[in-house]
Amino acid sequence: MTDSYVYAAARTPFGRFSGALAGVRPDDLAALAVKGVLAKVPGLDPGEIGDVVWGNANGAGEDNRNVGRMAVLLAGLPTSVPATTVNRLCGSSLDAAIIASRAVEAGDADVVLTGGVESMSRAPWVLPKPERAFPAGDMTAVSTTLGWRLVNARMPKEWTVSLGEANEQLADRFSVPRERQDEFAVRSHLLADAAWTDGFYDDLVVPVETDAKGNTLARDEGIRPGSTVDKLAGLKPSFRPDGVITAGNASPLSDGASAVLLGSGAAAARIGTDPLARVAGRGVFALDPQDFGFAPVEAANRALKSAGITWSDVCAVELNEAFAVQSLACVDAWKIDPAIVNTKGGAIALGHPLGASGGRLLGTLAHRLRESGERWGVAAICIGVGQALAVVLENVTGEKR
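Now for a quick tour of the structure. (Residues numbered from 1 in each chain as written. Predicted model: local features only at pLDDT ≥ 70, side-chain atom pairs only at ≥ 80, totals over all residues. Heavy atoms only, no water.)

## Observations concerning empty space enclosed by the protein
- Applying the stated criterion across every chain yields a total of two cavities of 30 Å³ or more.
- As for the largest cavity, its lining consists of W148, W159, V161, S162, L163, A166, P289, Q290, F292 and V385.
- Of the volumes computed, that of the second largest cavity is approximately 40 Å³.
- If one sorts the elements of the lining of the second largest cavity by residue count, helix 11 (residues 357-372) sits on top with four residues.
- Looking at the lining of the second largest cavity residue by residue, the classes come out as four nonpolar, four polar and two charged. (1 Å grid on protein atoms, 1.4 Å probe; cavity = no way out; pocket = protein on both sides within 12 Å on 5 of 7 lines; lining within 4 Å. Points joined across faces, edges and corners; volume = space filled by probe spheres on them. Helix = DSSP H or I, 4+ residues; strand = E, 2+ residues; numbered from the N terminus. Nonpolar A, V, L, I, M, F, W, Y, C, P; charged D, E, K, R; others polar.)

## Considering the packing of aromatic side chains
- This structure, assessed with the given rule, holds four aromatic pairs.
- Taking the centre distance of 5.2 Å and the plane angle of 35° together, the rings of W196 and Y201 count as tilted. The two residues W196 and Y201 agree in class, both being buried.
- Summarising the aromatic geometry, the rings of W311 and W334 are spaced 4.8 Å apart at their centres and angled 35° between planes, so their arrangement reads as tilted. One end of the pair, W311, is in the loop between helix 8 (296-307) and strand 12 (314-319); the other, W334, is in helix 9 (residues 324-334), and 23 residues separate them in sequence. Taken as a pair, W311 and W334 share a single burial class, namely buried.
- Grouped by ring-pair contacts, the aromatic residues W196, F200 and Y201 constitute a single cluster.
- Here the basic side chain of R11 rests over the ring of F14, its NZ or CZ set 4.7 Å away from the ring centre. (Phe/Tyr/Trp six-rings, centres within 6.5 Å; stacked < 30°, edge-to-face > 60°. Buried < 20%, exposed > 50% of the residue type's maximum accessible area, 1.4 Å probe, protein only. Lys NZ or Arg CZ within 6 Å of the ring centre and 35° of its normal.)

## What about the nonpolar core?
- Core analysis: the largest hydrophobic core is formed by 43 residues, its most contacted members being V6, Y201, L262, L362, I381, V391 and L393.
- Formed by 36 residues, the second largest nonpolar core is a distinct cluster that contains A33, V41, V111 and V117. (Core = buried A, V, L, I, M, F, W, Y, C linked by side-chain atoms within 4.5 Å.)

## Focus: the pattern of salt bridges
- Tallied over the full model, the rule gives 23 salt bridges.
- A salt bridge links R278 to E394; the nearest nitrogen and oxygen atoms lie 2.8 Å apart. Highlighted residues: R278 in strand 11 (residues 277-286) and E394 in strand 14 (residues 387-395), separated in sequence by 116 residues. Pair check on accessibility: R278 and E394 agree, each one buried. (Salt bridge = Lys/Arg side-chain N within 4 Å of Asp/Glu carboxyl O.)

## A word on the pairing of strand 4 (residues 83-86)
- Bridge analysis of strand 3 (residues 51-55) against strand 4 gives four bridges, and the strand direction is parallel. Bridged to W54 within strand 4 is T85.
- A crossover connection joins strand 3 to the parallel strand 4 through helix 2 (residues 67-74); in handedness this β-α-β unit is right-handed. (Pairing = 2+ DSSP bridges. Right-handed = clockwise from strand over helix to strand, strands pointing away.)

## Concerning the packing of helix 3 (residues 92-106) against helix 11
- It is at 5 Å that the axes of helix 3 and helix 11 come closest, and there the two elements cross at 60°. Classified by the angle their axes make, helix 3 and helix 11 are oblique. Two secondary-structure elements touch here, helix 3 through S93, L94 and A97 and helix 11 through S357, G358, G359 and L362.
- Class assignment for the residues of the contact of helix 3 with helix 11 results in three nonpolar, four polar and no charged. (Axes fitted to C-alpha atoms, helices over the stretch in contact; angles between N-to-C directions. Parallel < 35°, antiparallel > 145°, perpendicular 65-115°, else oblique. Contact = heavy atoms within 4.5 Å.)

## Quick look at the environment of R102
- You can see R102 is positioned in helix 3.
- Separated by 99 residues in sequence, R102 and D3 place their C-alpha atoms 9.0 Å apart.

## Points about the pairing of strand 5 (residues 111-119)
- Most of strand 5 sits out of view: nine of its nine residues are buried.
- Here strand 5 shows two buried faces, one formed by V111, L113, G115, V117 and S119 and the other by V112, T114, G116 and E118.
- Pairing analysis gives nine bridges linking strand 5 to strand 10 (residues 254-264), with the strands arranged antiparallel. Within strand 10, the position partnered with S119 by the bridge is D255.

## Details of unusual backbone geometry
- Of note in this structure, K335 is not a glycine but carries a positive phi near 60°.
- Within the secondary structure, K335 is located in the loop between helix 9 and helix 10 (347-350).
- The phi torsion at V385 lies on the positive side, around 70°, for a residue other than glycine.

## Remarks on the state of the cysteines
- One pass over the full model with this rule turns up zero disulfides.
- Of the cysteine sulfurs around C90, a residue in no disulfide, the closest is that of C382, at 6.1 Å. (Disulfide = S-S within 2.5 Å.)

## Section: the layout of surface pockets
- Quantified by volume, the largest pocket comes out at close to 640 Å³.
- Considering the residues around the largest pocket, the lining is formed by 32 residues, among which A247, A250, S251, P252 and L253 are closest to the centre.
- Mapped onto the lining of the largest pocket, the elements with two or more residues apiece are helix 4 (163-174) and helix 6 (229-233).
- Approximately 300 Å³ is the volume attributed to the second largest pocket.
- Lining the second largest pocket are 18 residues, with L89, L146, G147, W148 and R149 positioned closest to its centre.

Structure, rendered in structure tokens:
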């Protein structure tokens, strides 16, 4: 067995639902992320890529079932480069990186390109096929943008509540007040804006030409630098009349793509650069479907155990902010300093294109560790229907603190 490393990461800006990226197909977004990460390693012959593992949560429309292969072809890579698409919903691109790291460690591949994409704006409506020919009556088109669809009647009702209702239940369970959630959301926007202003994302984000007129999106579209707790307090609850979850303290529907290049230590010469971080541990966990927001707690604990470290060693955490309440519940359970979590902003501000978010987390974490010189970091993400994934990275760039 050999170690696996993160060598490079890139992503598109994340666009708001029906926003600047709504006119761009998901396979084109994926191809842009592929080209963006390979531009960081110009010495690598793309034909040397042993496999491409891509994440996507929809697949029902222009994603065309295997959008990873579509991305490879559209990006102009040799047709000899294989690709697969994996679906673990919100965790798809982190799952892709986990699968790739295992392939590298097992010796099945020396260089693996991973990533993920989602265009929630362009997610199609679907119709179930009738059970008999020529049925009378109307049919209902079902949105594939987010959440449950065409639910199996055998599923218990408590499992199939909306994502928002599931997190209202989490707020009740852990007594997380709305004001605290709004404060967390404001922090996300302010830190994201500061990170962009400071140039942190300049090396990570590839601009996207959004239309034939040459208009370009170069920065995440959902960031609101003027956000305040008072402004968020004026928003109506989204899921319960007396609820605590609003459009302001939950991640928005989004469009975007991310990519992460992994390889063995021996592949550095072929890739043409030294690695950023070592994949030191991995964790997966599942709970009852409605408890998905709390699942990262044990997934991260298992990843730490796999890496042979504890929370006291961790200096940086990238936790996907699906909802402020579930992020706070996880941070509280880990008993860590909230100041080390999402210091460059999180999904509430940046956006959460389902299949792309895991790759964003991993790329941001590797770059945070390089910037700070600190040694250990954790990327974790909750996943609808009760699951979560986590990865521990060890900084391998120069002196570690």
